[in-house]
Amino acid sequence: MSTATRNPTRAVAIGGLAIGGGNPIAVQSMCAVATRDAKACAAQVNQLSAAGAGLVRIAVDSKADAAALSEIRARTEGANLAVDLQENYRIAAACAPLVDKLRYNPGHLYHHQRGRAWRDKVKFLADIAGENDCALRIGVNGGSVDPALREQFPAGDKVAPMVASALAHCAALDDAGFTRYCVSLKDSDPAKVVDANRRFAGQRPEVPLHLGVTEAGLPPHGVIKTRIAFEQLIGRGIGDTIRVSLTLPNARKHEEVEAGRAILDDIKNNRVRSVVRFNPGGLNIISCPSCARVENESFVELAEKVRALAARAKNHAVTIAVMGCRVNGPGETDEADLGLWCGPRFVNLKRGEKKIGAFGYDEILPRLKKELDAMIEAG
Ligand code: SF4
């Protein structure tokens, strides 16, 4: 596969970085330590920047998180910073003066101020970003598309609502006179990522795209899933910045950046493999890369233990999802055969959309084994 001409996206400035407009594809990553621990968070920003991340994202949900940003900024000279906003979009006002970009999730805007129109909320974000020299990312995730939008599409079609959400939010920002934005369309299935980004780029080729397979999981499988999607998209000239979302202990978080750089280098040198589909008939483990929202420090260890336990199902078409918190956990586990999402003291176990129960961290693995064995037995 030779690399096609890049899509004619417009350039978007993010602090000292520019994406799109023919600029090199930037590799980015996200912190997983608690944001309010400003010293530790800044250390991780510097770890990721030193590994080559052109931009580092930080999760912000509360005033306490936002308050830590000024110290983080002071301790991370030269790094380009973004914040990740989920439900609490209004916190953008406290963050924007201290960072270079705001990522918001259209699928979580409805949680706060339910009586306020989503377009008003988007206009609010555009004004805040415009007043503070910030860029914006419309960050659509397959597992958290606004329910009101999702129900306008056939139940089985996950990609069309994602694309529709991104296009609607682009139009709302355009109407607000704000064009300094990029878009991401992520899912845990590389094939859906390829489909969604190709459909979107076909309609808005000028909008820079941030590529990623969300909850790609533990290495090496997480890298392989991501590589498949990136080869298919970047090989067609689609994509202006990338993030490889891996479930890793904090000390190894920089491996996300290294994996991203290696994939870009391989694509550039035609060292690509992607005619394969990722293990369609076998075991598939989906796990989130963790971030400051993680509810229990033992999350990464739990994901590793789930993978070890699930090896018994390697020849069975079973998908197991392991998610770190209540923000994306409940939604992202709906499509898995068995889903675990973490709380501070309990792990919620689900079979598809159906909740089985909440189990202590010392009880969850034997309970999961029981469910998995029953599934293997049922064939
Ligand atoms: S599921 Fe929660 S902990 Fe995991 S990356 Fe997403 S927001 Fe962070």
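Above this text you will find the structure in question.
Rules behind the numbers
- Residues numbered from 1 in each chain as written.
- Predicted model: local features only at pLDDT ≥ 70, side-chain atom pairs only at ≥ 80, totals over all residues.
- Heavy atoms only, no water.
- Helix = DSSP H or I, 4+ residues; strand = E, 2+ residues; numbered from the N terminus.
- Expected span 1.5 Å × (residues − 1).
- Buried < 20%, exposed > 50% of the residue type's maximum accessible area, 1.4 Å probe, protein only.
- Contact = heavy atoms within 4.5 Å.
- Pairing = 2+ DSSP bridges.
- Axes fitted to C-alpha atoms, helices over the stretch in contact; angles between N-to-C directions.
- Phe/Tyr/Trp six-rings, centres within 6.5 Å; stacked < 30°, edge-to-face > 60°.
- Salt bridge = Lys/Arg side-chain N within 4 Å of Asp/Glu carboxyl O.
- Parallel < 35°, antiparallel > 145°, perpendicular 65-115°, else oblique.
- Left-handed = near helix turned anticlockwise from the far one by under 90°.
- Nonpolar A, V, L, I, M, F, W, Y, C, P; charged D, E, K, R; others polar.

Participant: I tried to follow helix H8 (residues 221–234) on my own but got confused; where do I start?
Facilitator: Across its 14 residues, H8 extends 20 Å between first and last C-alpha, which sits within 8% of the 20 Å expected from 1.5 Å per residue. Counting buried residues in H8 gives 12 out of 14 residues, a clear majority hidden from the surface. For H8, the complete set of buried residues consists of Gly222, Val223, Lys225, Thr226, Arg227, Ile228, Ala229, Phe230, Glu231, Gln232, Leu233 and Ile234. On its buried face, H8 sits against helix H7 (190–203), strand E9 (210–211), strand E10 (241–243), helix H9 (255–268) and strand E11 (284–287).

Participant: Sorry, what's going on with the sheet that holds strand E14 (residues 346–351) here?
Facilitator: Within a sheet, adjacent strands bond to each other through the backbone by hydrogen bonds, running parallel or antiparallel. An order of E11-E12-E13-E14-E15 is seen for the five strands of this open sheet, with the pairing classed as mixed. Whereas interior strands pair on both sides, the edge strands pair on one side only; in this sheet they are E11 and strand E15 (354–360). Geometrically, the sheet is characterised by an average inter-axis angle of 15 degrees between neighbouring strands, direction not taken into account. On top of the sheet, helix H12 (residues 364–378) reaches strand E12 (319–323), strand E13 (338–342), E14 and E15; it is set at about 10 degrees to E14, its chief contact.

Participant: Sorry, what's going on with the packing of aromatic side chains here?
Facilitator: Centre distance and the angle of the planes are the two values used to describe a pair of aromatic rings. Within this structure, the stated rule accounts for one aromatic pair. When the ring of Tyr89 is compared with that of Phe124, the centres are 5.7 Å apart and the planes differ by 85 degrees; the resulting orientation is edge-to-face. Pair noted here: Tyr89 is in the loop between strand E5 (81–85) and helix H3 (92–95) and Phe124 is in helix H4 (residues 118–131), with a separation of 35 residues, a long-range link.

Participant: Quick question: what am I supposed to make of the sheet that holds E10 here?
Facilitator: Read from one edge of the open sheet, eight strands run E8-E7-E6-E5-E4-E3-E10-E9, paired in parallel fashion. Pairing within the sheet leaves two strands with one partner each, and these edge strands are strand E8 (181–186) and E9. With four bridges joining them, strand E4 (residues 55–59) and E5 adopt parallel strand pairing. Bridging across to E5, Arg57 finds its partner in Ala82. Helix H6 (residues 159–175) rests against strand E6 (101–104), strand E7 (135–141) and E8 of the sheet, and its axis sits at about 170 degrees to E8.

Participant: Explain the pattern of salt bridges to me, please; I cannot follow it from the model alone.
Facilitator: Charged atoms that come close allow side chains of opposite charge to pair. This model, assessed by the stated rule, comprises 31 salt bridges. Salt-bridge contacts for Arg75 lead to Glu71; the nearest nitrogen and oxygen are separated by 2.8 Å. Within this pair, Arg75 and its partner Glu71 are both found in helix H2 (residues 63–75), separated by four residues, close to a single helical turn. The salt bridge involving Arg119 is made with Asp175; its shortest N-O contact spans 3.9 Å. Within this pair, whereas Arg119 is found in helix H4, its partner Asp175 is found in helix H6, the two being separated by 56 residues in sequence. Connected via shared salt-bridge partners are Arg57, Asp61, Asp84, Arg103 and Arg293.

Participant: I would appreciate a short explanation of the packing of H8 against H9 in the present structure.
Facilitator: In the contact formed by H8 and H9, the axes pass within 10 Å of each other and the chain directions differ by 40 degrees. Relative to H9, the element H8 lies oblique. As H8 runs across H9, the sense of the crossing is right-handed. In contact with Val223, Thr226, Arg227, Phe230, Glu231 and Ile234 of H8, H9 contributes Ala259, Ala262, Ile263, Leu264, Asp266 and Ile267. Taken together, the residues of the contact of H8 with H9 break down into eight nonpolar, one polar and three charged.

Participant: What am I meant to see in the packing of helix H10 (residues 299–310) against H12 here?
Facilitator: Any two packed helices are characterised by the angle at which their axes cross and by the distance between the axes. Put simply, H10 and H12 touch, their axes get as near as 11 Å, and they point 35 degrees apart. Crossing of H10 against H12: the hand is right-handed. Across the interface between the two elements, Leu302, Lys305, Val306, Leu309 and Ala310 of H10 pack against Ile364, Leu365, Leu368, Lys369 and Leu372 of H12.

Participant: Which parts of the structure should I look at to understand the pairing of E13?
Facilitator: It is a general feature of regular strands that their side chains alternate between the two faces of the sheet. For E13, a buried count of five out of five residues is recorded, marking the element as mostly surrounded by other parts of the structure. Judged from the four bridges that link them, E12 and E13 form a sheet pairing that is parallel. When the bridges of E13 are listed, Ala321 appears paired with Gly339. Two strands pair when backbone bridges link them, and E13 and E14 are joined in this way by four bridges, in the antiparallel orientation. What sits directly across from Cys342, in E14, is Val347. Counting the residues between successive antiparallel strands, the hairpin from E13 to E14 contains three residues.

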